[in-house]
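# An overview of the molecular structure
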Amino acid sequence: MGKVSIITILTVLGSMAFSGPLRAEDTQDPWKFELLPYLWVASLQGSTQAGDAESPVDPGYSLFTLENLHGAFMGAVRVSRGHWSWQLDTLYVDYQDDFALGPLQSHVGVSGGFLEVAAGYRPDTDGNLEWLAGLRNVSFTTEVSLTPGPQGRVDKTWLDPFVGLSYRYPLSQNWALRARADVGGMNPSARLSMNGMLAMEYAFSDRVQALVGYRYLELDFRDNGYLLDISASGFALGLALHF
């Protein structure tokens, strides 16, 4: 992703976060940091098109099948103080697969991911509900070839604004339920984007928590012969570290 896109994201979200009046408790509360490396074991399905070549993504594909996965990275960071929080989430995958499509042999390659930056606001500093608004910078390289038939390769990067909310519901001293949902698609070429997560949280201590949950992500982007209409869903494991 380009430097201009990253600067645009940080500028817009910085303006959002500091546009409102600062409250006394916001300046008195300590800074809190959360680092969340995670593993998302997702299945991927949908359709891709690059130029004149179009192929469905194998619905039986798993991101963590070694014969298909060429690389992956996932992680999130959250910084909060008082009513406000600033959050960053990033995901990268490199997926290559070959399979039969009727009488044709199809090769599909999808590599890339997203960098998501969001600002959050909690009406009550001790509450569990948080409103979110942010930008998701999505960048993918898509390759589709049919043998015999057409071949195509397209690189696309786009910004997708989104709004959503997150909620944390304590169940006991050690257990809690985490949920998050957001929706985008405000980019003229992005028809729809949806992201949702539901997870159980177990606290080993005030600084270390384990999360096990389920995540769903859907992207639908179409522009001048390029199509990326995919959904990814599956179980996720994470370890939250607090500072």
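Calculation rules
- Residues numbered from 1 in each chain as written.
- Predicted model: local features only at pLDDT ≥ 70, side-chain atom pairs only at ≥ 80, totals over all residues.
- Heavy atoms only, no water.
- Core = buried A, V, L, I, M, F, W, Y, C linked by side-chain atoms within 4.5 Å.
- Buried < 20%, exposed > 50% of the residue type's maximum accessible area, 1.4 Å probe, protein only.
- Helix = DSSP H or I, 4+ residues; strand = E, 2+ residues; numbered from the N terminus.
- Phe/Tyr/Trp six-rings, centres within 6.5 Å; stacked < 30°, edge-to-face > 60°.
- Contact = heavy atoms within 4.5 Å.
- Salt bridge = Lys/Arg side-chain N within 4 Å of Asp/Glu carboxyl O.
- Polar contact = N/O pair within 3.5 Å; in protein donor to acceptor, adjacent residues only side chain to side chain.

### Quick word on the nonpolar core
Counting 27 residues, the largest nonpolar core has W40, L91 and F140 as the members making the most contacts within it. Sorting the residues of this core by element identifies β1 (32-50), β3 (69-81), β4 (84-101), β5 (104-121), β6 (129-147), β10 (208-223) and β11 (226-242) as the ones contributing at least two each.

### Topic: the packing of aromatic side chains
In this structure the tally under the stated criterion is six aromatic pairs. Arranged with centres 5.3 Å apart and planes meeting at 85 degrees, the rings of Y214 and F235 form a pair that is edge-to-face. Here F235 lies in strand β11 and Y214 lies in strand β10, a separation of 21 residues in the sequence. Chaining the aromatic ring pairs together yields one cluster made of W175, Y202 and F204.

### Description of the environment of M194
Secondary-structure assignment places M194 in strand β9 (residues 190-203). Sequence spacing of M194 and G184 is 10 residues, and the spatial spacing of their C-alpha atoms is 6.3 Å. Residues in contact with M194, not counting those within four places in the same chain, are D182, V183, Y216, L217 and E218.

### Description of the pattern of salt bridges
For the structure shown, the criterion picks out nine salt bridges. A salt bridge links R215 to D89, with the nearest nitrogen and oxygen atoms 3.4 Å apart. In this pair, R215 sits in strand β10 while D89 sits in strand β4, placing the two residues 126 residues apart along the sequence. Among the residues examined, D89 registers a relative accessible area of 9% and is labelled buried. Of the charged contacts in the structure, one is a salt bridge between R178 and E201, with a shortest N-O distance of 2.7 Å. Of the two residues, R178 sits in strand β8 (residues 175-183) while E201 sits in strand β9, which places them 23 residues apart along the sequence.

### Thoughts on the environment of R81
With respect to the helices and strands, the residue R81 is situated in strand β3. By relative accessible area, which is 23% here, R81 ends up partly exposed. Residues R81 and D29, 52 residues apart in the sequence, show an inter-C-alpha distance of 6.0 Å. There is a polar contact of 2.8 Å between the side chain of R81 and the backbone oxygen of D29.

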